[in-house]
Amino acid sequence: EDQVTQSPEALRLQEGESSSLNCSYTVSGLRGLFWYRQDPGKGPEFLFTLYSAGEEKEKERLKATLTKKESFLHITAPKPEDSATYLCAVQAVETNAGKSTFGDGTTLTVKP
Amino acid sequence: DTEVTQTPKHLVMGMTNKKSLKCEQHMGHRAMYWYKQKAKKPPELMFVYSYEKLSINESVPSRFSPECPNSSLLNLHLHALQPEDSALYLCASSQGPQGGDTQYFGPGTRLTVL
């Protein structure tokens, strides 16, 4: 069974204090790993898709990396507007196409 | 443009009502999804349509009835819902039904069942 575990569950940072969110996964074969940002009461906003170990993608203050067992979302010099829940999801080779397994998310709070 | 739109934004209904949620995308995507999300939980897949045909039904109760009239539209018909069905209902689309395609989500419909 595919599993995704995100840590920490909650993270509080001061503005400008860089940190990383972790997404550990167990799948039979990875088709893709996805990072989303979700604000309260809104739909998840797509951030990154990673397909193979060693891949990295960046967008503004965010950088996502991927190994064979985990992915990290690095946040550099965060601002209060980066406060949100960050979701990680995987799609596996052996599951029905389009079916994603989500982690429970990391809720990030950035204080000014 | 990666926009998925959903209407209405909010819906309050009684347990005997019939209502519908609507979702639209104009990205040429051929796979569309319905998810249910409870507070502080990740989205939970309900249905997947691939090329306008239902390809995945995650054992959802029959009081939820999906419909895909064409490649751009997805509806979710609701009938005789229970209070525990109150949640955020999310629509998503992806380029194809192939594994590994990025899913883009709409803003959601907040449903309250009284």
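Residues numbered from 1 in each chain as written. Chains lettered and ligands numbered in written order. Predicted model: local features only at pLDDT ≥ 70, side-chain atom pairs only at ≥ 80, totals over all residues. Heavy atoms only, no water.

Caption draft 1: Spotlight on the overall build of chain B. From N to C terminus, chain B includes zero helices and 11 strands. Ordered by position from the N terminus, the helices and strands of chain B form the series β-β-β-β-β-β-β-β-β-β-β. C-alpha extents for chain B along the principal axes are approximately 35 × 25 × 20 Å. Taking all 114 residues of chain B together, 52% fall into the buried category. Pairs at least 24 apart in sequence give 54% of the contacts found in chain B among residues at least 6 apart. Between the averaged position of the 12 positive side-chain charges in chain B and that of its 10 negative side-chain charges there is a distance of 8 Å. (Helix = DSSP H or I, 4+ residues; strand = E, 2+ residues; numbered from the N terminus. Buried < 20%, exposed > 50% of the residue type's maximum accessible area, 1.4 Å probe, protein only. Contact = heavy atoms within 4.5 Å. Lys, Arg positive; Asp, Glu negative; His and termini not counted. Charge placed at Lys NZ, Arg CZ, Asp CG, Glu CD.)

Caption draft 2: Spatial organisation of the layout of surface pockets. The calculated volume of the largest pocket comes to roughly 660 Å³. Along the wall of the largest pocket there are 28 residues; nearest its centre are Thr85 and Thr107 of chain A together with Ala39, Lys40 and Lys41 of chain B. Elements represented by at least two residues in the lining of the largest pocket include exactly β1 (3–7), β9 (84–92) and β11 (106–111) of chain A. A per-element tally of the lining of the largest pocket places β11 of chain A first, with four residues. Put simply, the second largest pocket is a space of about 250 Å³. Lining of the second largest pocket is provided by 15 residues; of these, Ser100, Thr101 and Phe102 of chain A together with Pro42 and Pro43 of chain B occupy positions nearest its centre. Of all the elements in the fold, those that place two or more residues in the lining of the second largest pocket are β1 and β10 (101–102) of chain A together with β5 (44–50) of chain B. For the lining of the second largest pocket, the residue count by class is six nonpolar, three polar and six charged. (1 Å grid on protein atoms, 1.4 Å probe; cavity = no way out; pocket = protein on both sides within 12 Å on 5 of 7 lines; lining within 4 Å. Points joined across faces, edges and corners; volume = space filled by probe spheres on them. Nonpolar A, V, L, I, M, F, W, Y, C, P; charged D, E, K, R; others polar.)

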